[in-house]
Structures are given as C-alpha cells and as structure tokens.
Amino acid sequence: MFLLFIGHMAAAQDLRLWYRQPAKIWTEALPIGNGNLGAMIYGGMANERLQLNESTFWTGQPRSYQREDAWQYLDTIRQLLFDGRQAEAETLAQAHFMGKKFPDEKAYDPLKAAWFHKVRSDTSLMSADDSHWPTMKIPTPDGWEAAGLDGVDGAVWFRTTFDVPAGWKGKDVVLDLGRIRDADFTYVNGVLVGHDEGTSKKRVYTISASMLKPYHNEIAIHVLNYNDKGGLTGRKGESNLFLRQDGQSIALPHDWKYAIQDGNPPPMPQYEAAYQPFGDLYLNFPVYQPGDYKRELDLRTAIAKTSYSDNGVHYTREYFASAPNRAIVIHLTADRPGKISFQLAMKTSEHVMSNHRIDEHTFALMETAHNGVLHGVAFVHVETRGGHNEGNMVSGADEATITLVGATSFVNYHDVSGDPERICRARINALRGLSWESLKTAHLQEYRPLFNTFSLRLGKSDTTLPTDERILHYTPGSDPGFIALYVQYARYLLLSSSRPGASYPANLQGIWNDQLDPPWGSKFTTNINLEMNYWPAEPLHLGECSAPLFRLLQNLSQAGKATAKDYYRAPGWVLHHNTDLWCGTAPINASNHGIWPTGGAWLCHQIWEHYLFTKDEKFLQQYYPIMRSCATFFLSFLIKDPKTGWLISTPSASPEHGGLVAGPTMDHQIIRDLFKNCIAAEAILRHYPEFMNELRDKLSRIAPDRIGRYGQLQEWLEDKDDTTDTHRHISHLWGVYPGTDITWSDSAMMRAARQSLVYRGDEGTGWSLAWKVNCWARFRDGDHALRLVDKLLSSAVGATGEHGGVYPNLFDSHPPFQIDGNFGGAAGIAEMLLQSQDSIVDLLPALPAVLARGAVNGICARGGFELDMQWESGRLENVVVLSRAGGPCVLRYRGHVVRLSTTAGKKYRLTGELKVLN
C-alpha cells in the first residue's frame, strides 16, 4: 500500500513553472530541449520568439591545440617551483607551455597592425558634427540588437556630455570602463589611455586634466578591437562607466552618440571555441484586446504552454522538443474555428531569412558560425487544418502545427564534411503528414519513462503563486514543495540538454545560449563545472543521461594522447581545465590556473560512479580502457618531491586559486581515486595484473592529505592556508565530495575538512554554493546544507545587482547563468536523503529539521539499489529496496544496521527500525 500511495501522490504532484506575463528577457524565458536542439520560449502574445540552439554549432574548426616543443620547458618549470620561484615559473609557462590559439596567432599581429594603422589615421570623427553621430540610449545586455550594435566588433566611438563637479576642475580623474572586455586600445578624447589584450573584466585609466580641458564636459571614448555584448551596462541598464576623483564617483549618462568606424578587424585569436546561438524563430499574431494570460512549463510532460484570451477567443500554444522526431514542435489552437493567423520569420545573428522557400509550406534558415567553419541549417514546416497556409503566412486556420529541425556540418571533432541541408530535408520529410497527436504521443512515450523514475514530496507547495513570485516568498518552512520542484527541474534540464542519444553533453549553459560571446565560451570546463552537471544523474535515476559525456570522454582520451606526449613526454592521455567541441586538451588561458592536468582523471571518476550505481560489467568493459590510459599517464607524470620524498603532481594548481604550484591537495585526491578505481576494476575484469601492482606501489607513495596549523585540511603541500580566504573554489574538499578520499572512517581528517569549509564561509556563486551543499551533507549537517539551498533558491536579481541564486525561470545564477548550480544543488538535496559512498547505504543521513515529513521514490544507491522511503516527524517510517543487480546490501539508519543478501529484481520492505518485512 505504501508504494501505491506514494506513486499515486507523485503522479498528482504539481510540477509546473508558471507566470502571469510573457518573458521580457532571456532568463525569464522557458527552456525546452531534446539533447540536440534547444529553444527558449518567450510566450509573447502579439510577438512570439523562440531563441534556438543546436548542440554542435560552435566557432573554430578541427585543429591541433598542442605546442609540440612544450615538453622542453617542463623540467625547468618544475625546478623553478621547487625553488620557490613561482612568478618566474608562471612567466616561462605562459610563454611556452600554453596551447595554441586559433586562428593562426602568428599571422594576427601584422594583420592587426595594418588594420589599426588604418582606423587610427581616421580622426575625422572627433570633429564630425552631430549629424554623423546617431543618438542612442545605452542598451541593456539584451538590447544591443535593438540599438543596432549587435555583434559590434572593431573601432567604435562613444560620445556624451556630463556635468563636471565643481571640485574636479583642473584635476586628474579616473575613468572606469567597467566590464568592457577584449579592448586592445582605448582612446579618450583622442589620447591613448590604455593598451591591453588581456581578459580582465575591469578597465581603469587615469585621465589627466589637460586631456579633458579642451572638451570641457564632453567625453569621447574610442575603443579598438572591441567585442563585448553588454559590457557598458548592468542587467537593468545602469551604466557601468564611471568617472572618479577624490572619492567621488559619477556614472556617465545613458544618452550616447555613437559611430562605428570599422567593424571588420582581423579575428582575435582564441585558445578555444565558443558555443553559438543558432538563430530565432518569430511568430507575429494579430492581437487586439488580450487578457487572461498564462505561461507555463510542465516538467512531467516536458511541454510548455502559452494561453490567453483576445476579443472573446481563447488561444493556446503548446511547445515541446521531440527526441524521437529530433524536432521542436509548436501547436496553435483556438476555441473558435478559423481564428489562427500568424506570420512566421526566422533570423540568424546576421539577417532575417523569411523567404528562403524549400516548398510551399517549408522554409529554411542557414547560418555560419561566427569565426568558424561550421554551417548550420534549420527547416521550418507548417501544417494547418483549414484556412490559408503559405508556410510563412497563415490566415483563418482552425489549428496549425509548426515543426522545426536543425543540423550542422559537424560529423566529429576532426570532420566537418556533413551536409546539414540533406539531414534537415530528410527529417522534415519524415514528419510530413504526422498529426499533432501522433507527434505528442511519441514525445510523451519517450520522455515520461525517463522522467517518472523518480519522485520527491517534501510537504506543502505554494502553487497558487506564479514561479517568479514564489521565488520571492520562498522559505523552507512555508513552501518545502519548492525544493522538490527545484530538484525535478534539474532532472528536466538534464534530460533536455543531455538526452540518451544526444550528440554532446551539457555545457556550461546546458544546451541554451543566446550570445555570440557567451560567458566562458559556454564550453566544457573540467575543473568542476562539467563534472557537476552530472552529479545528479546517478542518484536521481537519470544514469542514461551520462551517455553523451562518456562519448565525449572517448574522444578526449584519443585527443589527449598528443598533449601527454608533447607536454609531458608521457604515455596515456591528459586533459587540462577546459575543452570544447574540437576536444582541445592542452592548457589554455593563463599559466596561473590553466596548467591543471587532472581534468581527465576527474572525468574518469564519472565512469566508475556509473559502474558502482549500475553494476554493469559490460559498460565497465567498454570504458575501463579510458581509465587505464589516464592512470598510465599519471604513473609517468608523478614526480618525487625533493623536500618530502612523496610523489606529487607538478606543475599544477588548486583550481583558479593560488597560482602555479607543486603538489596541490586536490590533484593527489583525484589521482588516488583514479588508481584505486583502476585497481578495483582490474579485480573485476582481470586484464592486467602487472599494471595493478604498479598502481598499488605508486598509490602508497602519493602525498597524503594533511592537517594544518589552524586545524584545517591543507589546500597545498605547504601549510599556507589563509583562514580569511573565502575563495569560491573548495578544491581540496574534493576528497569529501564527490570523492571518497576523506570519510568518517577518519574522523580527524573529516573534522579538518569541515573546518576548512567553515573558514571558506557560506557565500558563493551558484555552483560554489551547490558544492558546499554537498559537502555539508557529507558532514551530516542537514540544517547547514539547507541554509545554502535557501541561498540557491533566492532571487538572483536584487537591488545591488545579480548574485548567486535563481533567475525567474529557475536557471542558476553564477552570475550570469550557469547550469551547473542547478545540477549540483539537486545532487546536494539527494545527498541529504541518501548516501552510499562508503559501502553502506545511509538513510536520511543529513535530513534538515524543517523537512520533517516527506517521501522519495526511485532514489538510487551505489551497489545497484533503488530505494523508496517515507518519513514522518523527522523519523524514517519505512523503506523499500529494489536490488537491480543482486549482491550484498548494508543499510544504516540512526544506529540501526541491517545486512541483506539480495537477488536481482527483488524488492525488500523494511520498517523505520530496519526490520525486514519480507
């Protein structure tokens, strides 16, 4: 009865995001996706916009990322670090140990010099009359397109006037250019004030009184090789450009004159590729007196809906991303016949394509990736019942179904010879004549079995409030159901961005991105973010969603062999802190954080986790060679520390913190984990006994975790941690979570790790908060973990700007949007309810007091177990264990321990005191 009751309640649970108004900005729009295609739905009444993405549409092209002679500098860099000469090591590494940029970095300087000479010699704009300077309001980051500056790249002049405070006259002032990035040269009133090709997000320059005097209260800023979407303003449009003097600060006005002098500089070389927006689909409707509006996304069906009334007619649009048909589908209906009329248009980042006809009901959008070789194609097909249908113009129909398919020329990371137009034509042809009902049925039959494997109920849900208002009113006591919605939304996002059968795994933004220059390239960052995307996959019953990640790992294990050879003269494969569509594995960005060789080893942890949760030996047989090859690299890479005699990892870094070093704690935890998992895999597969012996030998000599003078877990070999340091990365706690290097079997080390987290504090970006949630759960402090969940669920937009939390559409805020926080937060909530990292399945190990009543179905544990639990008044009432693989199962709850010898496919029912009922 327990299972039937919970199953019935889960089916009836309201798992919807809903709103009373259309989206105005991207982080209010609703996401749909099938792992290959993604769309953000705005839900406008008169003007509907779907912003589109295709998972393989990136900049760049197949190429070598390696510097073939990098290995020649390895020993020198190591010796400099051993000698304590970190700055010299970083300088040498920056010059000779970083990956190659694209396009040809050697050709860039002369091309840029010629272009710069041309634009610098044109000074006519400084004295041009105002008729040459169109007036504009400084746009918000989402308003560049409307302001005519979308994708600006080149030489740009901005000019405005301002009131000079009386005390400033005759004095130097400071100009703060805020978040302008990638500005090679900056002129103020015709005088060069800055030359910087770095990626710092702050530009601060001293402006002498003589530079301002001839212009009185006018300032003209000339930026060369400028490429930044939204760098001049904050999210709400406030200026980020300031003048400062003697502690006073004034924001430069919003009303600017602007002129684009030359929008075609040579493309600036980049280390890696960037994920790109594909285009937009627009639907324009005749709307007269709209009302009764509602916009929603049902997580149980993965169907979004927009509905409203107009002149007594009720209109409904439904949207979903079909995995079986590899299409985005939109269905438009009204409660009176003959009322469906609209005009369809498609837009790329360059131009509108509303008249590229394939046939009478089908149109095409064709796009080339910005600064890249990939070609993308999307076909849109319109079927109607009744009325007049010209494909891009429908009038008087009873209903309409729009199907969109897309593809690129990407075949694999070294082949771009695909024919996306042929692919799209074949997919559209396969959809012709299919009814809305049949498309929807196929979608639900594929989606529901994946989503419905898990349910969570945590008490009452305040579903009377729209989601944007619910965020503002949320407390765990008044609306615990919101936590359950947040968990299920993360599962929905993972299914939408990393579906079984999808081309590529979820990137920094899942599958959704609207910017040509997205934050951090929207790449695959492997020093926490890509891995965090998959933390909830196994415990929340979505292990199938990891398949695209494992396919990427197969490619990286091949591409990384060249990096291992060219940088370390080592066998096996290696990956540093970032990769992209083209499987770059070399160090990138800056030597103080980009030289971090354990990205591949961390990803190998995901392989072993999938095996532990499934006990699938066929899977292990397939992917163990990747683990073995990675371990082979580290057998060669580890080097004896001259001071301690331990084997250490160098050169490396504790990710993005403390610079280039010898022997960061995190590296050693990850490498130990890799070696232990390979030894365990060898014991199962019995392939290479000699290799297992070598691993055991090196494993015993790797530098151990150490407790420092403040009672903290040391982040580095040296005891140099700063107790006031609140850095967002908690890398040395990897051994607590997601690893098992530190468990309660060593309570002293566990307490030291906890002390480190106390020193780090409770603030952080979205993903950082999520990591801390998981660690506090492993420390068995559910109340502390929930305090951080509350921060994750707070509104990301406040009076002082953006911070960690959620946007109105529940996207996680770094800020800006990064999807890893959604996934990591959901995993942390799962860790409060169940843990299985130490050969024991712990039930409710970190249950917060405020979540005293609840039930979970389908939560998974290592060993191949699936559990259903119910609890009341903070105490476990009953539990059911389904053994999917058979074998021993040890359950623990509040001092009660039971050992089961299970049979595959059988369920075991127990009381809250773990007494077996069958």
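Given the structure is predicted, the values throughout are model-derived calculations rather than measurements.

Student: Quick rundown of the pattern of salt bridges? Include the residues and the values.
Tutor: Counting across every chain of the model gives 30 salt bridges. For Arg16, the salt bridge identified is with Asp14, shortest N-O distance 2.9 Å. Its salt-bridge partner being Asp705, residue Arg672 comes within 3.3 Å of it at the nearest N-O pair. Highlighted residues: Arg672 in helix H15 (residues 665–685) and Asp705 in the loop between helix H16 (689–699) and helix H17 (747–760), separated in sequence by 33 residues.

Student: Any details on empty space enclosed by the protein? Residues and values, ideally.
Tutor: Considering all chains together, one arrives at 10 cavities of 30 Å³ or more under this definition. Counted as a void, the largest cavity has a volume near 200 Å³. Lining the largest cavity are 19 residues, and of these Trp535, Pro539, Glu609, Tyr737 and Arg862 lie nearest its centre. Split by residue class, the lining of the largest cavity holds 10 nonpolar, five polar and four charged.

Student: How would you sum up the sheet that holds strand E38 (residues 834–835)? Please name residues and give values.
Tutor: Sheet architecture is open: four strands sit in the order E38-E39-E43-E44, paired in mixed fashion. Across the chains shown, the open sheet's two edge strands, defined by having one partner strand only, are E38 and strand E44 (896–902).

Student: Provide a residue-level description of helix H13 (residues 599–614), including the pertinent values.
Tutor: Helix length check: H13, at 16 residues, gives a terminal C-alpha distance of 24 Å against a target of 22 Å (1.5 Å per residue), a fit within 8%. Among the 16 residues of H13, 15 are classified as buried, and the element is accordingly described as predominantly covered. Of the residues flanking the end of H13, it is Lys615, one or two places downstream, whose phi is positive at about 60 degrees.

Student: How would you sum up the side chain of Arg778? Please name residues and give values.
Tutor: The topology assignment puts Arg778 in helix H18 (residues 766–778). Assessed through its relative accessible area of 2%, Arg778 is described here as buried. A polar contact is formed between the side chain of Arg778 and the backbone oxygen of Val736, at a distance of 2.7 Å. Not counting the four nearest positions on each side in its chain, Arg778 is found in contact with Val736, Tyr737, Pro738, Gly739, Trp744, Met750, Glu831, Gln835, Gln837 and Arg862.

Student: How would you explain the sheet that holds strand E16 (residues 290–298) if you had to name every residue and give the values?
Tutor: Read from one edge to the other, the open sheet built from nine strands follows the order E1-E16-E17-E18-E19-E26-E23-E22-E21, with strand pairing classed as antiparallel. Because the sheet does not close on itself, it has two edges, and the strands there are strand E1 (16–19) and strand E21 (357–359). Between one strand axis and the next, the sheet turns by 20 degrees as a mean value, whatever way the strands run. Two elements, strand E17 (residues 303–310) and strand E18 (residues 313–322), share seven bridges in a ladder whose sense is antiparallel.

Student: Give me the layout of surface pockets: which residues, what numbers.
Tutor: Here the second largest pocket is characterised by a volume of approximately 630 Å³. Lining the second largest pocket we find 25 residues, and of these Leu612, Ser836, Gln837, Asp838 and Ser839 sit closest to its centre. Elements represented by at least two residues in the lining of the second largest pocket include exactly H13, H15 and strand E43 (887–893). Across the lining of the second largest pocket, the residue classes tally to nine nonpolar, nine polar and seven charged.

Student: Explain the environment of Lys643 residue by residue, including any values.
Tutor: With respect to the helices and strands, the residue Lys643 is situated in the loop between strand E30 (639–640) and strand E31 (647–648). Here Lys643 falls in the exposed class, since its relative accessible area comes to 67%. Along the backbone, Lys643 and Phe82 are 561 residues apart, and their C-alpha atoms lie at a distance of 8.6 Å.

Scoring rules and cut-offs
Residues numbered from 1 in each chain as written. Predicted model: local features only at pLDDT ≥ 70, side-chain atom pairs only at ≥ 80, totals over all residues. Heavy atoms only, no water. Salt bridge = Lys/Arg side-chain N within 4 Å of Asp/Glu carboxyl O. Helix = DSSP H or I, 4+ residues; strand = E, 2+ residues; numbered from the N terminus. 1 Å grid on protein atoms, 1.4 Å probe; cavity = no way out; pocket = protein on both sides within 12 Å on 5 of 7 lines; lining within 4 Å. Points joined across faces, edges and corners; volume = space filled by probe spheres on them. Nonpolar A, V, L, I, M, F, W, Y, C, P; charged D, E, K, R; others polar. Pairing = 2+ DSSP bridges. Expected span 1.5 Å × (residues − 1). Buried < 20%, exposed > 50% of the residue type's maximum accessible area, 1.4 Å probe, protein only. Polar contact = N/O pair within 3.5 Å; in protein donor to acceptor, adjacent residues only side chain to side chain. Contact = heavy atoms within 4.5 Å. Axes fitted to C-alpha atoms, helices over the stretch in contact; angles between N-to-C directions.

Functional significance is not addressed by these values, which are geometric in nature.
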